[in-house]
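Here are the chains, one letter per residue:
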Amino acid sequence: MNAKFDTSEFTRRLKRTFDGNLSYRKMFLLLFVVAVFLLYIGPSFLRWLFSGSEPAKDHTFRCMDDRLTPFYLQNLEHNVNIRHQPAYEHEHDAVPYVGNGWFGVEIQADAHLNVFRGRALLQPVAFHPIVSVGGGGGGVESAREATVVEYLSGIVHRFQCFPEGYFVAYQYYAHRTMPAVLVQELQITNTKNQLVDVELVLPRITDWPTAVTKSVKLQHGSSILEYQVITGLVDVAAPSSSSDEKRIRVVSIVARKLPRVLTLKKRGMTKLELLTTINYSEPIGRDKYSSYKEQTEQGAIDAMNKALQAAEHGEHNAYYAFKRDHVRVWNSLWETGFHISTSMAENVLNGNDINATMYAVISQSRAFEFEESSTAQRKADIARALTYAEGCYDSYHTLQAENLWKKMSSLEELNGVVGSWMLTLEKQGCHNLLKAGASGIVQAMVLSFGGFRFSNQHLELNIHPKYLHRDYDFRRLNYGNMTHVNVSIVVRDDNKAVLSVALDRSDRNYYACDAGCLDTPVQLSQVKTLFPVKLTEPLTSILYITSDKRHMEDLRHAIHVKEVVEAPAHEHHLIALHRHGHSLGGLPTLFWVSICVIIVVFHVFLCKLIVKEYCEPPDKMRYRYSKP
């Protein structure tokens, strides 16, 4: 009875409180507290309440997240590409790949070697060089795996996390200064306080009937280790359709012999630094195989001895320098580059597509001027090829060419894209730059992105103003040996594009003019010079750059135009589509502030009606609404 009385008394007191003593301020405070609870504490409480039976994420997930964390920021900047195995839905699905124009290989356990054929590394060799750690008791299926392609360094990282308590970090790269060398670094970490045996997937041959294997012993630091030398032939296409003789290449590979089972230290790291060298002949007749076999083998062995001496596997500083030389070349290749503002629209080209494609094409090109075997004469020839770019790029800009930006989720697709780029650049006047190797190819690709063309003593930007609805940045365009030009295109708040030009460095005075060259030439400097984007009738280039002021003054009489006007502003819905992902984005700030104010006022008015309806005294309500 007493408990029942207490409950009734509490109910009556609560009712009296709500009937007469609850002010609007107290009601508002109460509603605010409830809203905060629902918004911030409610979801966590509900997850805790209903997910008690769900299993926690396994430690392999946390292990993989720890491995990938250093690369997340670079991934947002499109300087690396993270790809899980299998790829996640939101990831850029580009196959991880290393190459240097002499050989290339996809980074996956069963990948085969590829050597040069035609215009790229399209000739498969039935040798699988990748060394991997197999699964333990839990099996490979329960392990997690991901790769990270570092575009700026030419290094591919690969990570494996196993439920047995150990994880593996790999690094792969095709050395740039010593193009015959494939480097594989393995670092296996055992987190348990016990010895663990892991099985290695070793380099192997599959379906290569002409391959012959022999063993040699080579000096490896302070010790002598055993290596295997594999030599065979691969068929290549005949040099001309009129020849019926099949051509071959003699291919020789030197790889270190490894035990199949590796014992890991207790709570420690086990490191392996493995080198593989690849040497092959020019296409020859099958009858010359025996005469080329021995010298090809010896070339591969000599390359291995040279690499071991340079790396000095027992010396940390020497190996660091060996790796630094490779990274330095890749950094130099990326000095010329291109940036495009990120678009939120569907099925458009963004930075991850462009960087992945450029990396693939560069990986299948030799950097001749950086290779140790290049002679002084060869380097001088490359320098001349880089300065003579007349006629490149003699077509419309390639950002709109869909065939050049296809997916590269498999090696076949990657080879197809690279082959298309090589053919396009060669046939569009960039053949001299292609002779220069990777440095020339980077220049040619960046020129093609904007429709830049070197033509008769000047550089012109030949792109229609209607395509300038995103920000572009062309970095360090090579104009001769001593001059680099930076060109930027920025879309302003009024939706009009404007050009800015600056010299990174120069050996003489340079001048520029906008479409039609009707205005006086403007001398360029390291400070950005702005030019309006103009539209001419008939259509002409929108920018001209030259070191010959007289030549530029003559252009106004050689470029025959009927009308020159400033290019109109782009439509708002088009800019909004790229910036926000839909055509309604980008409305003025005052519009959104007004909407928020209207919503807040409506809810305050609604709350006031509810409070009056339920919280005022019954007598007052009856007096207000009853008839006299």
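Check the entry above for the structure.
Rules behind the numbers
Residues numbered from 1 in each chain as written. Predicted model: local features only at pLDDT ≥ 70, side-chain atom pairs only at ≥ 80, totals over all residues. Heavy atoms only, no water. Buried < 20%, exposed > 50% of the residue type's maximum accessible area, 1.4 Å probe, protein only. Helix = DSSP H or I, 4+ residues; strand = E, 2+ residues; numbered from the N terminus. Pairing = 2+ DSSP bridges. Core = buried A, V, L, I, M, F, W, Y, C linked by side-chain atoms within 4.5 Å. Contact = heavy atoms within 4.5 Å. Axes fitted to C-alpha atoms, helices over the stretch in contact; angles between N-to-C directions. Parallel < 35°, antiparallel > 145°, perpendicular 65-115°, else oblique. Nonpolar A, V, L, I, M, F, W, Y, C, P; charged D, E, K, R; others polar. Polar contact = N/O pair within 3.5 Å; in protein donor to acceptor, adjacent residues only side chain to side chain. Phe/Tyr/Trp six-rings, centres within 6.5 Å; stacked < 30°, edge-to-face > 60°. Disulfide = S-S within 2.5 Å.

## Quick look at the pairing of strand E3 (residues 103-106)
The alternating pattern of E3 places Phe103 and Val105 and Gly104 and Glu106 on opposite faces, both of which are buried. Direction of pairing for strand E2 (residues 97-99) relative to E3: antiparallel, over a ladder of three bridges. Looking at E3, one finds that Gly99 is bridged to Gly104. Relative to strand E4 (residues 113-117), E3 is paired through three bridges, and the arrangement is antiparallel. Bridge pairing in E4 places Val105 opposite Leu113.

## A short note on the nonpolar core
Ranked by internal contacts, the top residues of the largest apolar core, which has 120 residues, are Val133, Phe449, Phe474 and Ile545. Per element, the largest residue contribution to this core is eight residues, and it comes from helix H11 (residues 438-450). Beyond its immediate stretch of four places on either side in the chain, Val133 contacts Gln160, Phe162, Tyr166, Val168, Tyr170, Leu186, Ile188, Val198, Glu199 and Leu200. Counting residues in each nonpolar core, the second largest holds 19 residues, with Met178, Val181, Val229 and Ala307 among its members.

## Considerations on the sheet that holds strand E21 (residues 452-455)
Read from one edge of the open sheet, five strands run E21-E22-E30-E26-E27, paired in antiparallel fashion. Each edge of the sheet is formed by a strand with only one pairing partner; in this case those strands are E21 and strand E27 (522-523). Against the sheet, H11 makes contact with E21 and strand E22 (458-461), and its axis sits at roughly 110 degrees relative to E21, the strand it touches most. Its contacts with the sheet place helix H12 (residues 549-558) against E22, strand E26 (511-514) and strand E30 (543-546), and it is angled at close to 150 degrees to E30.

## A short note on the packing of helix H7 (residues 351-363) against helix H9 (residues 411-427)
Look at H7 against H9: their axes get within 9 Å of each other, and the N-to-C directions meet at 80 degrees. Comparing the axis directions of H7 and H9 gives the class roughly perpendicular. The segment H7 lies against H9, with Thr357, Ala360 and Val361 engaging Leu414, Val417, Val418, Trp421 and Met422. When its residues are assigned to classes, the contact of H7 with H9 shows seven nonpolar, one polar and no charged.

## Looking at the side chain of Asn81
Structurally, the position occupied by Asn81 is in strand E1 (residues 80-84). Within the local environment of Asn81, its side chain forms a polar contact with the backbone oxygen of His92, the two atoms lying 3.1 Å apart. Filtering out sequence-adjacent residues up to four positions away, Asn81 remains in contact with Asn75, His92, Ala94, Thr147, Val148, Val149 and Tyr151.

## Remarks on the packing of aromatic side chains
What the rule picks out here adds up to 18 aromatic pairs. Note on Phe71 and Phe159: the rings are 6.2 Å apart at their centroids and 45 degrees apart in plane angle, and the pair reads as tilted. With Phe71 in the loop between helix H3 (59-68) and helix H4 (72-76) and Phe159 in strand E9 (residues 155-161), the pair connects residues that are 88 residues apart, well separated along the chain. Taken as a pair, Phe71 and Phe159 share a single burial class, namely buried. On the numbers, 6.0 Å between centres and 85 degrees between planes, the contact of Trp421 with Phe449 is edge-to-face. Linking Trp421 in helix H9 with Phe449 in helix H11, this pair joins segments that are 28 residues apart in sequence.

## Thoughts on unusual backbone geometry
Gln85 connects to Pro86 through a cis peptide bond whose omega is 0 degrees. With respect to the element layout, Pro86 can be found in the loop between E1 and E2. With an omega of -5 degrees, the peptide bond between Glu537 and Pro538 qualifies as cis. The topology assignment puts Pro538 in the loop between strand E29 (534-537) and E30. The phi torsion at Arg267 lies on the positive side, around 40 degrees, for a residue other than glycine.

## Side note on the sheet that holds strand E23 (residues 472-478)
Pairing within the open sheet is antiparallel, and its five strands lie in the order E20-E23-E24-E25-E28. The strands lining the two open edges of the sheet, one partner per strand, are strand E20 (337-340) and strand E28 (529-532). The average undirected angle you get between the axes of adjacent strands in this sheet is 15 degrees. Examined bridge by bridge, strand E24 (residues 484-491) and strand E25 (residues 497-505) share eight bridges and lie antiparallel to one another. Note that in E25 the partner of Asn486 across the bridge is Ala502.

## Regarding the state of the cysteines
Following the criterion strictly, the structure yields three disulfides and no others. In this model, Cys63 is linked to Cys161 through a disulfide, with the two sulfur atoms separated by 2.1 Å. The sign of the -75 degrees torsion about the S-S bond sets the Cys63-Cys161 disulfide as left-handed. Of this pair, Cys63 sits in helix H3 while Cys161 is found in strand E9, placing the two residues 98 residues apart along the sequence. Each member of the pair, Cys63 as well as Cys161, carries the same accessibility label: buried. At a sulfur-sulfur separation of 1.9 Å, the disulfide partner of Cys392 is Cys430. In this structure, the disulfide formed by Cys392 and Cys430 twists by about 85 degrees around the S-S bond and is classed as right-handed. With Cys392 in the loop between helix H8 (376-387) and H9 and Cys430 in the loop between H9 and helix H10 (431-435), this pair connects stretches of sequence that are 38 residues apart. Given a relative accessible area of 0%, Cys392 falls into the buried group. Owing to a relative accessible area of 1%, Cys430 belongs among the buried residues under this scheme.

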